[in-house]
Amino acid sequence: MPSSLLAPGHKGLENSTSRSPAPIKVGPACGPVSTLSPTIPSATLSPQPREIQPSCGSAEVRPQNSASDKKVEDFRVHIVTWNVGSAVPPDGITSLLELNSADGNADMYIIGLQEMNSMINKRLKDVLFTDQWTELYMDTLSPRGYVLVTSERMQGVLLLVFSRYSHLPFLREIHTESTRTGLGGYWGNKGGVSARMTVFGHSVCFLNCHLPAHMQNLGQRVEDFESILQQQQFQCGGGMGVLDHDLVFWFGDLNFRIEDYDTHVVKSAIESNRLSMLWEKDQLNMAKQSEPTLRGFEEGPLIFPPTYKFDVGTHTYDTSAKKRKPAWTDRILWRLRATCSPGPTHLPTVRRGLTSWLSHGLRVTQHTYRSHMGYTISDHKPVSATFTLQFPFKVDIPLVTLSVDKEWSKVSDASVSFQVVSSFARNSWDWIGLYKVGFRHAKDYVAYVWARLEESDHLAEEHQVIFAEEDLPKGCGEYILGYFSNSMNTIVGLTEPFQVMVVAVQLPSCSPLVSRSGSSSSSSEDDSTLGLLPSQSRSPSPASSKQHRPSRSRSPALPTLQGLSLRPRPRSREAIPRSPSPCASASRKERLISPDSPMSGQTRSRTPGTPGTPGIEVSTPEALIAAIIGDHIPLQGSLYGAKPVGEPRDKSPSGALCGPTF
């Protein structure tokens, strides 16, 4: 057996990389399918393929650099799971994300973290501002053209979904869920967070779990996982559970251990590269044979050393008094739908069987499954996996098509035309944002304009909006226009990058509370006194972003504190800063209203404010307590404009709050 395929010894863990064995041919979909993901591998690192029941898709594991990979240029997903042990983020995560891979970067990056620092003071800061881990991933991925699609956090468990910005119009029906299982379901230190969406018309769910620890709690781990599956029901397509999706990725600190062998036997097997003898005693491999809930989940071969438990700051397994036995606690699995029948999210014609191309099936190919031993900030090592998804068909027609000049060199060029498909229901709160290339999330716009819904629009095939001169960015740069649907909580149309070279009028400056990208001028982690104010705009006035760059940005997802804003408490009444939104001259009296309101023309602010989003009625103590224990106020959506379920009570100037908010 080539030594390059074997797990490295204990002294060389920092140089370990894992590759998959030679590819196995996979049979046609909806028929007998062979896969290289045996539940219990044989005593070799190249297990033989086995037959599984017919499914609507197929899966296989291929070596990273095989010649056949060059032909696979479909949708690439990179997943990371890491129990960070309450540590602060490392200096860099480029190798963890494999951003310099010769095979090219992924289309989506899915990040699952466990045991983030959730002490009360730290958790409150993370609720009010973007947490340090999210900030690190945005700082790393945004300059490369990736946008934070959605996120979900439950105390120390965090899920982040990033995508190339060009895919945003085809990621739809985005919903998130969280389930607490700690202390009988009352505490969120254990449990699962998930995000589901349709990707080019196919339903995909990402589930990040932190299950109970300790060897003897195998039954509790399985029971908690079943509870998570039962409780997480997404309000889309008449209701969907996790296993109802075309494809499910399940990952996290699953805490399954290695049974029977003593600690010294396990360590000896690792040092002598005899990992295969440990596979047979892995609790997850054994449970997949007996537990119906786990059947259908596939996993690549474990050809990297166990990722738990290490002395922090070293590559040495636990030397403390407890001397915990090494184990593969950190795992990444996937599951295809076990039936060929279309799911509830497919088109009615597909559900009636009038189309035949679904029979080709969704194919999942795993290219890498490895640990990253070089990271030493935690007692766990991070694990990553890269997949290619081959779709039998693609829904790749945007709901809104935007047309814009290749260059805005004068104010009169600042207009955009757009067309919508007949099935798309516009909303009076829809808006078109101007984004600088490299934007971090959907609310990280420079300027916006309402996509007004007029009575005559129902008959028009093309619509046009114009950006006011004072809304335009100052200076030159490359920008993108995006149509944000308020009802769908996502961007449904994008332009190609174009140049803006208009010298905009500089307005009188306001005292900024937040910067353009949702950054707070008072967001640095110091000991200054913080005061809670009446609700103001969470999204900033673009004019405020040019004054300084803070150390931490305003959180893009504040589902539990929608009615709160934060600023340093002034030393005197004269020192109270004015609100920057929606207008400096009337910030305390004027409220932003829907563009179709009869009074909207009378209260139009000249400075670029923020699109209105209804507020959430919740008291400050309730919000703080909910944030600390990991609970959340029922919302529809997550990152993309959190808002109360149902219609807003009031969109009048006195009832609408500034937004959009996360």
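Located above this text is the structure these notes cover.
Values in this document were obtained by computation on a predicted structure and should not be read as measured data.

What about the overall build of the protein chain?
Scanning the protein chain for helices and strands turns up nine helices and 31 strands. Buried residues in the protein chain amount to 58% of all 662 residues. Taking the intrachain contacts of the protein chain between residues at least 6 apart in sequence as the baseline, contacts between residues at least 24 apart amount to 74%. Accessible surface, the protein chain: about 26,600 Å² in total, of which carbon and sulfur atoms supply 50%.

With respect to the sheet that holds strand β22 (residues 463-466)
The strand order across the open sheet built from three strands is β17-β19-β22, with neighbouring strands paired in antiparallel fashion. Two strands bound the open sheet, and with one partner strand each, they are β17 (400-403) and β22. Pairwise comparison of adjacent strand axes, ignoring direction, gives a mean angle of 25 degrees for this sheet. In terms of strand pairing, strand β19 (residues 415-420) meets β22 through four bridges, oriented antiparallel. Across the sheet, residue Phe-418 finds its bridge partner in β22, namely His-463.

Remarks on the sheet that holds strand β8 (residues 171-182)
Read from one edge to the other, the open sheet built from five strands follows the order β8-β9-β10-β13-β14, with strand pairing classed as mixed. Of all the strands in the sheet, just β8 and β14 (330-336) have a single pairing partner and so form its edges. Along the sheet, successive strands turn relative to each other by an average axial angle of 15 degrees, direction set aside. Where strand β10 (residues 202-210) lies against strand β13 (residues 247-253), seven bridges are found, and the strand directions are parallel. From the neighbouring strand, Cys-205 faces β13, where its bridge partner is Val-248. On top of the sheet, helix α4 (residues 218-231) reaches β8, β9 (187-199), β10 and β13; it is set at about 140 degrees to β10, its chief contact.

As for a nonpolar patch on the surface
Taken together, the side chains of Leu-183, Tyr-186 and Trp-187 present a nonpolar region at the surface, about 400 Å² in accessible area. For Leu-183, the location among the structural elements is in the loop between β8 and β9. A relative accessible area of 67% places Leu-183 in the exposed class.

A few points about the environment of Gly-433
Within the element layout of this structure, Gly-433 appears in strand β20 (residues 431-436). Gly-433 gets classed as buried once you look at its relative accessible area, which sits at 0%. When the C-alpha atoms of Gly-433 and Ile-491 are compared, they prove to be 9.5 Å apart, with 58 residues separating the residues in sequence. When sequence neighbours within four positions are dropped, the list of residues in contact with Gly-433 reads Tyr-445, Ala-447, Tyr-448, Ile-480, Leu-481 and Gly-482.

As for the pairing of β10
Counting buried positions over the nine residues of β10 gives nine, a clear majority of the element. The side-chain alternation of β10 yields two buried faces, one formed by His-202, Val-204, Phe-206, Asn-208 and His-210 and the other by Ser-203, Cys-205, Leu-207 and Cys-209. Of the strand pairs in this sheet, β9 and β10 are connected by nine bridges, and their pairing is antiparallel. Among the inter-strand pairings, Met-197 is bridged to a residue of β10, identified as Val-204. Where β9 hands over to β10, the hairpin turn is made up of two residues, of which Phe-200 adopts a positive phi near 50 degrees.

Quick look at the environment of Asp-379
The topology assignment puts Asp-379 in the loop between β15 (362-371) and β16 (383-390). Overall, Asp-379 belongs to the buried group, its relative accessible area being 16%. The spatial distance from the C-alpha of Asp-379 to the C-alpha of Val-312 is 5.2 Å, given a sequence separation of 67 residues. In this structure Asp-379 touches Thr-307, Tyr-308, Lys-309, Phe-310 and Val-312, once residues within four positions along its chain are discounted. A distance of 3.2 Å separates polar atoms of two side chains, one belonging to Asp-379 and the other to Lys-309.

Some thoughts on the nonpolar core
Ranked by internal contacts, the top residues of the largest apolar core, which has 62 residues, are Met-108, Ile-110, Phe-206, Leu-247, Phe-249, Phe-387 and Leu-389. For Leu-389, the contacting residues outside a window of four places in its chain are Asp-74, Phe-75, Val-77, Leu-247, Phe-249, Leu-362, Arg-363 and Val-364. Trp-408, Leu-434, Val-449 and Val-502 belong to the second largest nonpolar core, which has 24 residues in total.

Digging into unusual backbone geometry
Residues Tyr-308 and Lys-309 are joined by a peptide bond in cis, for which omega reads 5 degrees. Relative to the elements of secondary structure, Lys-309 occurs in the loop between α7 (283-290) and β14. If you check the backbone angles, Ser-86 has positive phi at about 65 degrees while not being a glycine. Mapping Ser-86 onto the fold places it in the loop between β4 (75-83) and α1 (94-97).

Re the pattern of salt bridges
In total, this model carries twelve salt bridges according to the counting rule given. Put simply, Arg-440 and Asp-139 hold a salt bridge, and the shortest N to O gap is 2.7 Å. In this pair, Arg-440 sits in the loop between β20 and β21 (447-450) while Asp-139 sits in helix α3 (residues 132-141), placing the two residues 301 residues apart along the sequence. Judged by relative accessible area, Arg-440 falls into the buried class, the value being 9%. Take Asp-139: its relative accessible area is 37%, and that puts it in the partly exposed class. A salt bridge links Asp-246 to Arg-337, with the shortest nitrogen-to-oxygen separation between them at 3.4 Å. Taken together, the residues span a long stretch of sequence, with Asp-246 in the loop between β12 (240-241) and β13 and Arg-337 in the loop between β14 and α8 (348-351) at a distance of 91 residues. In this structure Asp-246 comes out as buried when scored by relative accessible area, which is 8%. Classification of Arg-337 by relative accessible area gives buried; the value is 10%. What you see here is one network of salt bridges that share partners, running through Glu-135, Asp-139 and Arg-440.

Each value, and the rule that gives it
- Residues numbered from 1 in each chain as written.
- Predicted model: local features only at pLDDT ≥ 70, side-chain atom pairs only at ≥ 80, totals over all residues.
- Heavy atoms only, no water.
- Helix = DSSP H or I, 4+ residues; strand = E, 2+ residues; numbered from the N terminus.
- Buried < 20%, exposed > 50% of the residue type's maximum accessible area, 1.4 Å probe, protein only.
- Contact = heavy atoms within 4.5 Å.
- Areas by Shrake-Rupley, 256 points an atom, 1.4 Å probe, with all protein chains shown as cover.
- Pairing = 2+ DSSP bridges.
- Axes fitted to C-alpha atoms, helices over the stretch in contact; angles between N-to-C directions.
- Patch = residues over 30% accessible without salt bridge, like charges linked within 9 Å, V, L, I, M, F, W, Y side chains within 5 Å.
- Salt bridge = Lys/Arg side-chain N within 4 Å of Asp/Glu carboxyl O.
- Polar contact = N/O pair within 3.5 Å; in protein donor to acceptor, adjacent residues only side chain to side chain.
- Core = buried A, V, L, I, M, F, W, Y, C linked by side-chain atoms within 4.5 Å.

Honestly, that's just the spatial picture; any functional story needs more than this.
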